[in-house]
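# Report on the structure
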2 protein chains.
Amino acid sequence: MKPTVHDIARSAGVSLATVDRVLNGRPGVRSITRERVEEAISSLGYVRDVAAANLAKGRTYSFTFILPDNDNSFMIGLRDEVRLAMARSGAERVLIRTLTVPPFDAEALVAALETVLEEQPAGIAFVAVDAPSVRAMTQRLKEAGVAVVTLVSDLPGSARDHYAGIDNQAAGRTAAGLMGRFLDGKGGRVAVLAGSMLLRDHRERLEGFLSVLAEDYPKLAILPVMEARDDATLAGELVSSALARHPDIAGIYSLGAGNRGLIRALRDMKAERRPRVIAHELTSSARAALSEGLIDAVLNQDAGHEVRSALRVLKSKADGLSVIAAQERIRIDIFLKDNLP
Amino acid sequence: MKPTVHDIARSAGVSLATVDRVLNGRPGVRSITRERVEEAISSLGYVRDVAAANLAKGRTYSFTFILPDNDNSFMIGLRDEVRLAMARSGAERVLIRTLTVPPFDAEALVAALETVLEEQPAGIAFVAVDAPSVRAMTQRLKEAGVAVVTLVSDLPGSARDHYAGIDNQAAGRTAAGLMGRFLDGKGGRVAVLAGSMLLRDHRERLEGFLSVLAEDYPKLAILPVMEARDDATLAGELVSSALARHPDIAGIYSLGAGNRGLIRALRDMKAERRPRVIAHELTSSARAALSEGLIDAVLNQDAGHEVRSALRVLKSKADGLSVIAAQERIRIDIFLKDNLP
DNA sequence: CAGTTATTGAGGTACGTAAATCAGAAATTT
DNA sequence: AAATTTCTGATTTACGTACCTCAATAACTG
């Protein structure tokens, strides 16, 4: 049977209280005794029963999610997933609070983090805005002993414990790999539709896309990037006019939100003239366009997985446990109309 | 605070013992009283603290994994993942046993299940062989109250609680969708390399592949399926001779194991004559071929995810809880050289 | 060596639930 | 109405760990 603290006490020839002192790093144990206990622990292969420990502690993990109040489908979906997680969290001893902040606003985010810090939660997950002030705040959170996970958008070089999101550069490269193979032997121009170059994830996707295209598919000409600020109407106009100006557009990579406008523009074209289209995020409109054949491939990040992964990591970090790296890697899903879930 | 059994007892005006009887379906409670208790449960929003319950029960989940002793990379990897899960399982109260059986052998599998049944484990996961005897055995397992999950290969129409594996037909369709787009405008022949048509997953992949190709890409001619029995040497020979006979082969879909032979054959060709290649399972050789550009895309099922998902489901079923469907859907990963993990 | 401090032991209570016993009350049958 | 059966309450122990107190011993200090 699994060894318990009692077994350790017996094996080390000490009392339960001493084992407890060692296990929980409490003072009042000679180093010789401590070593004896630790030896017993490792030789018996003792692992603390986390469930029982938490029961005894009466602990409830309190976590806070800070989410931007963007109104695109992806962020709405993300907030929904957090809400679902909250509903489920009652069963375990987890208490989740959420806070929404204006998007792309570093100062608002810092202010929110400040507020949250005062409540001393066990952990925080937030969609990072890439700014020095946010990095500094993250440092302070860590110093206060709070577990920190960035969600969807990372904060490289900061003190965060973990990033629950996809590798956006790899996503861009993958889009290029697909696009290159789709257009292989045909040539033509490739248009790129982005949200905003101020967003780190958009920049990274673009970077990955351009680098692979330049290196592996030099025959494809790339048009200047269109920035549609994740706005469907603007996106539609930009795409339409680009298609009118350049009849030889063979491929479009839409790396941001606002795909509804793009889809509208595509639907207006004659079917045989339509370019190959790769987009991001499997929203309901993207899904419809995929089935319809307007979009060829959608790269997706599963918001549900991201939220659950963030929670698992927060819990592990709060318990001081290690995480299963392979399990927490958020994958880039590639959907064709043939493998829609 | 979270309500406990004590709160329910007080609120319903009954004793703790009665609450316990209701909660655990024990006899000896009048239906009127039972209703009162249930009302208190739902009005207080009581949820059983599973951790405390398991602690009290002193329960250790015992699960058995039955795995074929195939020696291809995927099965080796699967067995490794089960071993990893066993190593981690000590921390929770889970005891995992494994059993290996000869592959593709329904009777051996049934015999193994029979043995396992006598040990009365809480749950069983096994790689199914599609046979009526296995279906019947599954029925008996369920009747004995054992949670049953099929792993990697399903047993449709059986009594199993869950299937932890990919949708192989969708995988075949996806391969066809990619292949069709890769070869769009070029035409040519497409060769299919399979392991054995006796394997349900291979049949399903082929079916999906052929149906999409026929429907969406009628210009592509499909060569008769080559069966290499998942043997690398044979696969290499088959591919080489097919390429020699048909110089216009533009695409190859390898839907089984034994990719090393295929890769060897590809490496022997002049680079500019190489066809587009889509294969299954991201083994180390497939990964190398992907980076090298010999293979264009690899469809993969993550054995680690499958094992962890199977375990989660077994545990939930053993506890009589529901599972998060979205979390347990095993996805078809698509890897290009650009998004290798 | 007495006095002080640092260790250690012994024991208890608590967390929320399970499971058991036994006595008593209520309902049902005879 | 008595006997029997069915239901319910009260109480206890247990699971594995955390955390507390008090007493006892060991190790240092002056």
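The sections below set out a description of the structure shown in this document.

Calculation criteria
- Residues numbered from 1 in each chain as written.
- Chains lettered and ligands numbered in written order.
- Predicted model: local features only at pLDDT ≥ 70, side-chain atom pairs only at ≥ 80, totals over all residues.
- Heavy atoms only, no water.
- Near = heavy atom within 4 Å.
- Polar contact = N/O pair within 3.5 Å; in protein donor to acceptor, adjacent residues only side chain to side chain.
- Helix = DSSP H or I, 4+ residues; strand = E, 2+ residues; numbered from the N terminus.
- Nonpolar A, V, L, I, M, F, W, Y, C, P; charged D, E, K, R; others polar.
- Buried < 20%, exposed > 50% of the residue type's maximum accessible area, 1.4 Å probe, protein only.
- 1 Å grid on protein atoms, 1.4 Å probe; cavity = no way out; pocket = protein on both sides within 12 Å on 5 of 7 lines; lining within 4 Å.
- Points joined across faces, edges and corners; volume = space filled by probe spheres on them.
- Domains from an automatic or database assignment.
- Contact = heavy atoms within 4.5 Å.
- Salt bridge = Lys/Arg side-chain N within 4 Å of Asp/Glu carboxyl O.

This part covers the protein's contact with DNA strand D. In the vicinity of DNA strand D, 28 residues are found, and the nearest of them are R48(A), T18(B), V29(B), R30(B) and T33(B). Protein-adjacent atoms of DNA strand D, using a 4 Å cutoff, are sugar or phosphate at a proportion of 70%. A distance of 2.9 Å separates a phosphate oxygen of DNA strand D from a polar atom in the backbone of V5(A). At 2.9 Å, a backbone N or O of S15(B) approaches a phosphate oxygen of DNA strand D. Breaking the surface near DNA strand D down by element, the ones donating at least two residues are α1 (5-12) and α4 (50-57) of chain A together with α2 (16-23) and α4 (50-57) of chain B. Here the surface near DNA strand D is built from residues that sort into 11 nonpolar, 8 polar and 9 charged.

With that settled, the discussion passes to unusual backbone geometry. Despite not being glycine, D230(A) shows a phi value in the positive range, around 55 degrees. Assignment of secondary structure puts D230(A) in the loop between β8 (226-227) and α10 (232-245). You can call D230(A) partly exposed: its relative accessible area is 23%. One non-glycine residue, E281(B), lies in positive phi territory at about 70 degrees. Within the secondary structure, E281(B) sits in the loop between β10 (276-280) and α12 (284-292).

Before going further, it helps to spend a moment on the layout of surface pockets. Residue and element names in this part refer to chain A. Considered as a void within the structure, the second largest pocket measures approximately 890 Å³ in volume. Lining the second largest pocket are 45 residues, and of these N70, N72, F104, L199 and D230 sit closest to its centre. Of the residues forming the lining of the second largest pocket, the biggest block, 5 residues, is contributed by helix α9 (residues 200-216). For the lining of the second largest pocket, the residue count by class is 19 nonpolar, 13 polar and 13 charged. Mapped onto the domain boundaries, the lining of the second largest pocket takes at least three residues apiece from domain 2 (59-165 + 303-330) and domain 3 (168-300).

As a further point, take empty space enclosed by the protein. Under the definition given, this model contains 1 cavity of 30 Å³ or more. Quantified by volume, the largest cavity comes out at close to 230 Å³. As for the largest cavity, its lining consists of 15 residues, and the residues nearest its centre are H305(A), R331(A), H305(B), Q327(B) and R331(B). Only α13 (303-319) of chain A together with α13 (303-319) and α14 (325-328) of chain B provide two or more residues apiece to the lining of the largest cavity.

Residue and element names in this part refer to chain B. Relative to the helices and strands, S62 is located in strand β1 (residues 61-68). Along the primary structure S62 and Q120 are separated by 58 residues, whereas in three dimensions their C-alpha atoms are 8.6 Å apart. Non-local contacts of S62, meaning those with residues more than four positions away in its chain, are made with L95, Q120, P121, A122 and G123.

Two side chains with opposite charge may pair up if their charged atoms get near one another. The full count for this structure, using the stated rule, is 41 salt bridges over all chains. When the shortest N-O distance is used, the salt bridge between R200(A) and E204(A) registers 3.0 Å. With R200(A) and E204(A) both in helix α9 and 4 residues apart, this pair spans about one turn of that helix. According to the relative accessible area criterion, E204(A) is partly exposed, its value standing at 21%. We note a salt bridge from R331(A) to D333(B), for which the minimum N-O separation is 2.4 Å. Taken together, the residues span two chains, with R331(A) in the loop between α14 (325-328) and β12 (333-335) and D333(B) in strand β12 (residues 333-335). Note on accessibility: R331(A) and D333(B) belong to one class, buried. Through salt bridges that share partners, D130(A), R135(A), R200(A) and E204(A) make up one connected network.

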